[in-house]
Amino acid sequence: MEKVNIISSTAVPLTIENVDTDQIIPARFLKAVSRDGFGQNLFYDWRYDDAGKPKADFILNDSRYSGSILVAGKNFGCGSSREHAAWALAGHGFTVVVSSFFADIFRNNALNNGLLPVQVSDKFLEFIFAEIESNNKQNITVNLKDQTISLDGKNASEKFEINAYRKTCLLNGYDGVDYLVSKKKEIESYEQKSKFKQLLSK
């Protein structure tokens, strides 16, 4: 996976609450087993009409908004446990999703796929939406190492929580196997100590 540390970007505001995984990536697109191509079907039923033409009133089709950060309404990623939702968001080019609440399974799927879910307070989320609405070029900086999210030029920031293991994996671009490999010396040392203890106990 790509390393994630400091992400500084404009953002796409999706103010809708309770966005479930079937809305993120409709079930009919789940036949593929690789991650390729899911980005083009992100929010498909909201982005396109029955003829496959972009709907002008959907935010991803609004040329004023772009960037690698999606700012979403409360309770993002609810519904089924499909990992494809994280694939679709990452495939579209998002590195960070900001919301005031994430479904637990979606959060884990996102972290497993190099997508950083940043949970903020309801008040700070409202503030972000308001600032993006007044200035579609508002830049947002997410610092994973410091676990902060801030709005450039606004003297406004907030801390966010993340599991220490997940944080290490994202900072280093590790998947589960890579993480174990990085701990090879510690594991070997532990095994040697265990063997020595067993010999002493005999």
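Above this text you will find the structure in question.
Residues numbered from 1 in each chain as written. Predicted model: local features only at pLDDT ≥ 70, side-chain atom pairs only at ≥ 80, totals over all residues. Heavy atoms only, no water.

So, about unusual backbone geometry. One non-glycine residue, Asn 18, lies in the positive phi region at around 55°. Within the secondary structure, Asn 18 sits in the loop between strand S2 (11-14) and helix H1 (21-24). (Helix = DSSP H or I, 4+ residues; strand = E, 2+ residues; numbered from the N terminus.)

On to the sheet that holds strand S6 (residues 140-143). Picture the strands of a sheet paired through backbone hydrogen bonds; they go either parallel or antiparallel. The strand order across the open sheet built from four strands is S1-S6-S7-S8, with neighbouring strands paired in antiparallel fashion. Edge positions in the sheet fall to strand S1 (6-9) and strand S8 (156-159), since each of these pairs with one other strand and no more. Sheet twist, expressed as the average angle between the axes of neighbouring strands with direction ignored, equals 10°. Across the sheet, helix H5 (residues 122-134) is in contact with S6, strand S7 (148-151) and S8; its angle to S7 comes to roughly 35°. (Pairing = 2+ DSSP bridges. Axes fitted to C-alpha atoms, helices over the stretch in contact; angles between N-to-C directions. Contact = heavy atoms within 4.5 Å.)

It is possible for side chains bearing opposite charge to pair when their charged atoms get close. Per the counting criterion, the structure on display carries five salt bridges. The closest approach of N and O atoms between Arg 82 and Asp 22, which form a salt bridge, is 3.0 Å. On the criterion of sequence distance, the pair formed by Arg 82 in the loop between strand S3 (69-72) and helix H3 (84-92) and Asp 22 in helix H1 is long-range, its members being 60 residues apart. Its relative accessible area of 16% is what places Arg 82 among the buried residues. A salt bridge links Glu 131 to Lys 154, with the shortest nitrogen-to-oxygen separation between them at 3.3 Å. Of this pair, Glu 131 sits in helix H5 while Lys 154 sits in the loop between S7 and S8; the two residues are 23 residues apart in sequence, bridging distant segments of the chain. (Salt bridge = Lys/Arg side-chain N within 4 Å of Asp/Glu carboxyl O. Buried < 20%, exposed > 50% of the residue type's maximum accessible area, 1.4 Å probe, protein only.)

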